[in-house]
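# A structural walkthrough
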Amino acid sequence: MICDPLFPTQATQATQATQATQGNPFTTDGEFTIRRLEQADAALFLAHLQNLSFDHRRDRFNGVVSDDWLAGYVREALDKALVLGGFDQDRLVAVAELHNNGTRSGETAFSVAAEWRRRGAGTQLIAALLALARERGLVRVSVETGPQNLAMQALARKFGADMHLESLMSVGTIDVAEGLRQVTGSGLAAGTNHPPPSG
Ligand SMILES: CC(C)(COP(=O)(O)OP(=O)(O)OC[C@H]1O[C@@H](n2cnc3c(N)ncnc32)[C@H](O)[C@@H]1OP(=O)(O)O)[C@@H](O)C(=O)NCCC(=O)NCCS
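Below, the structure is looked at part by part.

The rules behind the values
Residues numbered from 1 in each chain as written. Predicted model: local features only at pLDDT ≥ 70, side-chain atom pairs only at ≥ 80, totals over all residues. Near = placed C-beta within 6 Å. Helix = DSSP H or I, 4+ residues; strand = E, 2+ residues; numbered from the N terminus. Nonpolar A, V, L, I, M, F, W, Y, C, P; charged D, E, K, R; others polar. Axes fitted to C-alpha atoms, helices over the stretch in contact; angles between N-to-C directions. Parallel < 35°, antiparallel > 145°, perpendicular 65-115°, else oblique. Left-handed = near helix turned anticlockwise from the far one by under 90°. Contact = placed C-beta atoms within 7 Å. Buried ≥ 20, exposed ≤ 12 C-beta atoms within 10 Å, placed from the backbone. Arc of directions from axis to C-beta. Pairing = 2+ DSSP bridges.

### Describing the site of the ligand
Around the ligand sit 25 residues, and of these Asp 59, Gly 122, Thr 123, Ala 151 and Ala 154 come closest. Among the secondary structure elements, those contributing two or more residues to the shell around the ligand are α2 (54-61), β5 (105-112), α4 (121-135) and α5 (150-158). At six residues, the largest contribution of residues to the shell around the ligand is made by α5. Taken together, the residues of the shell around the ligand break down into 12 nonpolar, seven polar and six charged.

### Some details on the packing of α4 against helix α6 (residues 176-186)
For any two helices packed against each other, one specifies the crossing angle of their axes together with the interaxial distance. Running from N to C, α4 and α6 point in directions that differ by 140 degrees, and their axes come no closer than 9 Å. With respect to each other, α4 and α6 are oriented oblique. The handedness of the crossing between α4 and α6 comes out as left-handed. Contacts between α4 and α6 involve Ala 127, Leu 130, Ala 131, Ala 133 and Arg 134 from the first element and Val 176, Gly 179, Leu 180 and Val 183 from the second. In the contact of α4 with α6, the residues fall into seven nonpolar, one polar and one charged.

### As for unusual backbone geometry
Of note in this structure, Asn 62 is not a glycine but carries a positive phi near 50 degrees. Non-glycine residue Arg 118 carries a positive phi angle of around 60 degrees. Looking at the element boundaries, Arg 118 is found in the loop between β5 and α4.

### A look at α6
For α6, every residue scored as buried is listed here: Val 176, Gly 179, Leu 180 and Val 183. Within α6, the buried residues cover an arc of 95 degrees as seen down the axis, which keeps them to one side. The exposed residues of α6 that point more than 90 degrees off its buried face are Gly 185 and Ser 186. Buried-residue contacts for α6 involve α4, β6 (140-145) and β8 (169-175).

### Side note on the environment of Gly 72
In this fold, Gly 72 is placed in helix α3 (residues 67-80). On the neighbour-count criterion, Gly 72 (13 C-beta atoms within 10 Å) is partly exposed. Considering only alpha carbons, one finds Gly 72 and Leu 46, 26 residues apart in sequence, at a separation of 9.4 Å.

### Concerning the pairing of β8
Across the two faces of β8 the burial differs, with Ser 170, Gly 172 and Ile 174 buried and Met 169, Val 171, Thr 173 and Asp 175 not buried at all. Two strands pair when backbone bridges link them, and β6 and β8 are joined in this way by six bridges, in the antiparallel orientation. Pairing of Ser 142 across the sheet is with Thr 173, part of β8. Sheet topology places strand β7 (residues 164-166) next to β8; three bridges connect them, and they run antiparallel. Along β8, the bridge assignment pairs His 164 with Val 171. Adjacent in sequence and paired antiparallel, β7 and β8 are bridged by two residues, among which Ser 167 carries a positive phi angle near 50 degrees.

Right, dumping it as structure tokens:
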């Protein structure tokens, strides 16, 4: 989980199966859709992060970051990471990031707009991200967040993360295959594969 501003390489119940399709994962339950974000989505991504409350921005980045810093972060993340956006119609309401430096391990980060929390958006996004990680040959993804961030810890544990305290941070690892088994085994996300958007 990349939440650290010093490490800049860094959304209803879940009802849909999530599969990475041709590098462009896309799920929908008619209300919440997920697609890959590109540089063309930078303004949407930036606005989403800027709209997080002070506390949630701090939770996301494990520190206080400025709007200007966020603008640079968004450009770099869209350039170097795999970024998934969760949409309520045209509005970007949730983002998941997968950062990887060429190894078989990845680092993840999540942010869900306040009004979309506890509705399964984070669960759908993490399922989509794990499918994408598997497609890219990753075997595990790491989770790192503040000890106060019970929401992120609960979300990670749903997918088998062994969350524990380490250097005052809550850290854990999700085995990609095991996390995806949790998705199918528990019905966390079961449903339909949708084609990637055209273009
Ligand atoms: C962490 C976060 C991404 C979770 O997203 P979400 O869409 O609310 O997650 P879900 O609705 O899929 O919930 C996942 C699980 O976490 C639990 N959960 C969610 N919020 C919780 C909270 N505040 N306290 C305890 N558990 C919580 C849910 O009950 C759910 O478990 P369940 O399915 O067994 O009921 C969201 O709260 C967020 O964006 N926080 C601010 C940014 C941040 O902290 N990012 C993570 C660090 S990088």
